[in-house]
Amino acid sequence: QVQVVESGGGLVQAGGSLRLSCTISGLRFGDYAMGWFRQAPGKEREGVSCITYTGTNTDYTDSVKGRFTIWRDNAKNTLYLEMSALKPEDTAMYYCATRQYSLCSSFEDEERTFNHWGQGTQVTVSS
């Protein structure tokens, strides 16, 4: 069975930083693109970032460009999201997910192509 486990969330002041981690088991991790998504109360879940299977290419939603960095360590089956210059509007439950494809095309509009999801880790940014 595929297991997806996020960690690293917490409470941070605006302008601060956090690093989220996601470990994957039961899957050929290096064959698949990976994504980070988030959902705040009263809002739809949105795609935050995606990284291709080798880590060569990355994509970000406009609101986090320049502040968030996604990377992966395929040898450790681990995905990361480094978040800096955090804003209150970044407050959300953050989810890690595996994609059925190796690439990240249209990831923000194709949430249905991400098939294995973690339980989420809460990020709260205070003002």
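What counts as what
- Residues numbered from 1 in each chain as written.
- Predicted model: local features only at pLDDT ≥ 70, side-chain atom pairs only at ≥ 80, totals over all residues.
- Heavy atoms only, no water.
- Helix = DSSP H or I, 4+ residues; strand = E, 2+ residues; numbered from the N terminus.
- Rg over C-alpha atoms; globule rule 2.2 N^0.38 Å.
- Buried < 20%, exposed > 50% of the residue type's maximum accessible area, 1.4 Å probe, protein only.
- Areas by Shrake-Rupley, 256 points an atom, 1.4 Å probe, with all protein chains shown as cover.
- Lys, Arg positive; Asp, Glu negative; His and termini not counted.
- Charge placed at Lys NZ, Arg CZ, Asp CG, Glu CD.
- Disulfide = S-S within 2.5 Å.
- Phe/Tyr/Trp six-rings, centres within 6.5 Å; stacked < 30°, edge-to-face > 60°.
- Pairing = 2+ DSSP bridges.
- Axes fitted to C-alpha atoms, helices over the stretch in contact; angles between N-to-C directions.
- Polar contact = N/O pair within 3.5 Å; in protein donor to acceptor, adjacent residues only side chain to side chain.
- Contact = heavy atoms within 4.5 Å.

### A look at the overall build of the protein
If you tally the helices and strands in the protein, you get zero helices and eleven strands. For the protein, the C-alpha radius of gyration of 13 Å lies close to 14 Å, the compact-globule estimate for 127 residues. The proportion of buried residues among the 127 residues of the protein is 43%. Per element, the accessible surface of the protein, about 6500 Å² overall, is 43% carbon and sulfur. Put simply, the protein has 12 plus and 14 minus side-chain charges, and the middle of one group is 3 Å from the middle of the other.

### Side note on the state of the cysteines
Linking two cysteines covalently via their sulfur atoms produces the bond known as a disulfide. Summed over the entire model, instances satisfying the criterion amount to two disulfides. The residue that forms a disulfide with Cys 22 is Cys 96, at a sulfur-sulfur distance of 2.1 Å. Where Cys 22 bonds to Cys 96 through sulfur, the torsion about that S-S bond is close to -80°, and the disulfide is left-handed. Here Cys 22, found in strand 3 (residues 18-25), pairs with Cys 96, found in strand 9 (residues 92-99); they are 74 residues apart in sequence, far enough to count as distant. What makes Cys 22 buried here is its relative accessible area of 0%.

### As for the packing of aromatic side chains
Counted under the stated rule, the structure contains five aromatic pairs. Geometrically, the ring pair formed by Phe 37 and Phe 107 is edge-to-face, given 6.4 Å between the ring centres and 70° between the ring planes. Placement of Phe 37 in strand 4 (residues 34-39) and of Phe 107 in the loop between strand 9 and strand 10 (114-117) is noted, with a sequence separation of 70 residues between them. The residues Phe 37 and Phe 107 share a single accessibility class, namely buried.

### A few points about the sheet that holds strand 3
If you walk across this open sheet you meet the four strands as 1-3-8-7, and the pairing is antiparallel. Only two strands of the sheet have a single neighbouring strand rather than two, namely strand 1 (3-7) and strand 7 (68-73). Looking at each pair of strands side by side, their axes are set apart by 15° on average, direction ignored. In this structure, strand 3 lies alongside strand 8 (residues 78-83), joined through six bridges in antiparallel fashion. Residue pairing across strands places Ser 21 opposite Tyr 80, the latter belonging to strand 8.

### Considering the side chain of Arg 38
As for its position among the elements, Arg 38 is in strand 4. Polar contacts involving the side chain of Arg 38 include one to the side chain of Glu 46, which spans 2.7 Å. Of note is the side chain of Arg 38, whose polar atom sits 2.8 Å from the side chain of Tyr 94. Ignoring any residue separated from it by four or fewer positions in sequence, one finds Arg 38 in contact with Glu 44, Arg 45, Glu 46, Val 48, Ser 63, Val 64, Phe 68, Glu 89, Asp 90, Ala 92, Met 93 and Tyr 94.

### Concerning unusual backbone geometry
For Asn 77, which is not a glycine, the phi torsion comes out positive at approximately 50°. With respect to the element layout, Asn 77 can be found in the loop between strand 7 and strand 8. Positive phi, normally seen in glycine, also occurs at Ser 106, with a value near 55°. Mapped onto the secondary structure, Ser 106 falls in the loop between strand 9 and strand 10. For Ser 106, a relative accessible area of 48% corresponds to the partly exposed category.

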